[in-house]
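Close look at the chain arrangement
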Amino acid sequence: MTQSIPFPDGPLAWRGLQAYRQQGHIFAALQVFHQELGDIFRFRLPGLNFVMMAGPEANRMLLVSNRNEVRWRTDSDPISQLLGDGLLVSDGTIHDESRQIMNPAVHKQALERYVDTMWRYTDQVALDWTSRVGPVEMLAEMRKVAILILMDTLFSVDYNHEMVRLWQAIMKMLQFISPGLWLLFPKIPRPQYRPALQQMNRSINNIVRTRRAAREKGQESSLDLLDLMLDAGMNDTLIRDQILTMFIAGHDTSTALLAWALYLLGNNPSAFKKAQKEVDTVLGNSTPTMANLANLRYLGFVIDESLRLYPPAHIGSRVTLTDLEFQGHYLPPETRLMYSIYLTHRDPKEWDQPNEFIPERFESEGKRAYTPYAYLPFGGGPRNCIGAAFGQVEAKVVLARILQTVDLQFVGHPVTPKMAVTLEPAEGIRMNVRQRPST
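Read on for an overview of the structure. (Residues numbered from 1 in each chain as written. Predicted model: local features only at pLDDT ≥ 70, side-chain atom pairs only at ≥ 80, totals over all residues. Heavy atoms only, no water.)

All right, on to the sheet that holds strand β4 (residues 136-137) then. The sheet built from three strands is open, its strands ordered β4-β12-β9 with antiparallel pairing. Edge strands, defined here as strands with exactly one partner in the open sheet, are β4 and β9 (406-410). Taken together, the two bridges between β4 and strand β12 (residues 430-435) define a ladder with antiparallel strand orientation. Pairing of V136 across the sheet is with M431, part of β12. (Pairing = 2+ DSSP bridges. Helix = DSSP H or I, 4+ residues; strand = E, 2+ residues; numbered from the N terminus.)

So this is what it looks like as structure tokens:
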């Protein structure tokens, strides 16, 4: 016999509201509900009815064992409307074929040639930090770094001018697909976003037209992601969808990861000093390379722990295609399922001191092996993030170069996680920057 799915009501709802008020973010309430109700619970709000799931068992079910009985795409969601048949929102054959075409550009074997580009753009963006008056807002700075790296490595485009010209359009586009009133009113008109989206479309379409024209003239190919898609015969509409998908998913996740890592390092001076000492020992006055990145073990643990505490892709969505059951609870077709990576990563059943920043927990000699699917910052199963390896290398290169060249001091302002396209620090990350004497 199946059980009804519990939902936070009465005293529990009040406790969740109190946690939200005390900590200033919705995740505090979700943690209260998860602790009390378990790995599956329902929300019943006007216009909003979905099931929240968490934990390794739920993740394995949705990402692996029952993945063919759920779908990703929901056509009423703005992200599906924006990205068309992009890799992130497509299902079935079109997803699988596109992924196969695109994978070589972000495969581990391709990453070595990107490292120089990554640290050079880090240097470029950081060039004036030490001369600024007052703190530097690192969320915005890491967004600049991530955009420039992504567009150069994958599409061979120097995006400096376009980034400045389109900055407000980029922010507006991200706002368009962030959680908002559209969750309650999916058909609400949103004409205020149209100019920004049109600007982004024109920019991307121009990149494709320029490359096609160059190829027709017999100019030397750059052998990047755009070339792979053109060689495979993708039409311009699908290429546009994939470029925009990689632009959003590729830069916004890296932006969040880098900002949170800097926050955690700045808020933990002993960890900052340990990571910086490792960088000095491994790199000295040399620039990062694929070979020496492997020796930055502690910095790798910092990145892993940042992804655990603040996973950029903090939640996933699926819709059931058929009857399913989870832990004795019936899930009929067309049930909206939200699986929370944030809750899984902070589950006290899986992690010791789950809310604390402890990079050493990922050190193989001393950690308690975590349950499979208890840690999935890049998703899991066949639909795991195509850019996972790219993002990890990028984070190491950028953070190593920053630690190598400047000292940072977090100014101590309040920081709370916010549900945007990714999990962002709502107040940004403001840090005082000082040139290192040895550089």
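Turning our eyes to something else, we now look at unusual backbone geometry. For S156, which is not glycine, the phi torsion reads 55 degrees and is therefore positive. Structurally, S156 can be placed in the loop between α8 (138-155) and α9 (160-177). By relative accessible area, S156 is classed as partly exposed at 36%. Phi is positive for Y373, which is not a glycine, with a value near 70 degrees. In this fold, Y373 is placed in the loop between α16 (341-345) and α17 (388-405). (Buried < 20%, exposed > 50% of the residue type's maximum accessible area, 1.4 Å probe, protein only.)

With respect to the element layout, S306 can be found in helix α15 (residues 297-309). A relative accessible area of 1% places S306 in the buried class. With 51 residues separating them in the primary sequence, S306 and T255 have C-alpha atoms 12 Å apart. When near neighbours in sequence (up to four residues on either side) are disregarded, S306 contacts L257, A261, L264, P311 and F357. (Contact = heavy atoms within 4.5 Å.)

Attention shifts here to the pattern of salt bridges. Tallied over the full model, the rule gives 26 salt bridges. A salt bridge links R132 to E141, with the nearest nitrogen and oxygen atoms 3.1 Å apart. The class for R132 is partly exposed, based on a relative accessible area of 30%. Residues E360 and K274 are paired through a salt bridge, measuring 3.4 Å at the closest nitrogen-oxygen approach. (Salt bridge = Lys/Arg side-chain N within 4 Å of Asp/Glu carboxyl O.)

Before going further, it helps to spend a moment on helix α10 (residues 194-216). With 23 residues, α10 should reach 33 Å at 1.5 Å per residue; the first-to-last C-alpha distance of 33 Å fits that figure. Of the positions making up α10, those classed as buried are A196, L197, M200, S203, I204, I207, V208, R211 and A214. Contact partners of the buried residues in α10: α4 (78-83), α8, α9, α11 (225-231) and α12 (236-266). Just past α10, the residue G218 takes up positive phi, approximately 80 degrees. (Expected span 1.5 Å × (residues − 1).)

Let us look at the packing of α8 against α17. Where α8 contacts α17, the two axes come as close as 12 Å, and the packing angle between them is 130 degrees. Classified by the angle between their axes, α8 and α17 sit oblique to one another. Like other packed secondary-structure pairs, α8 and α17 cross with a definite hand, here right-handed. Contacts from M142, V145, A146, I149, T153 and L154 in α8 reach F390, E394, V398 and I402 in α17. Considering only residue class, the contact of α8 with α17 consists of eight nonpolar, one polar and one charged. (Axes fitted to C-alpha atoms, helices over the stretch in contact; angles between N-to-C directions. Parallel < 35°, antiparallel > 145°, perpendicular 65-115°, else oblique. Left-handed = near helix turned anticlockwise from the far one by under 90°. Nonpolar A, V, L, I, M, F, W, Y, C, P; charged D, E, K, R; others polar.)

Here we take up a nonpolar patch on the surface. There is a patch of nonpolar side chains on the surface, built from W14, L17, Y20 and I26 and spanning about 370 Å² of accessible area. A per-element tally of the nonpolar patch places helix α1 (residues 11-23) first, with three residues. Residue classification places I26 among the partly exposed residues on the basis of a relative accessible area of 39%. (Patch = residues over 30% accessible without salt bridge, like charges linked within 9 Å, V, L, I, M, F, W, Y side chains within 5 Å. Areas by Shrake-Rupley, 256 points an atom, 1.4 Å probe, with all protein chains shown as cover.)

Ordered in space as β1-β2-β8-β5-β3, the five strands form an open sheet in which the pairing is mixed. Looking at the sheet topology across the chains shown, the edges are occupied by β1 (40-45) and β3 (70-71). One ladder, built from five bridges, connects strand β5 (residues 315-320) with strand β8 (residues 336-340); its direction is antiparallel. Within β8, the position partnered with G316 by the bridge is Y339. Across the sheet, helix α2 (residues 26-37) touches β1 and β2 (48-53), and the angle it forms with β1 is around 130 degrees. Strand contacts of helix α3 (residues 56-65): β2, β3, β5 and β8, with the helix running at about 125 degrees to β8, the strand carrying the most contacts.

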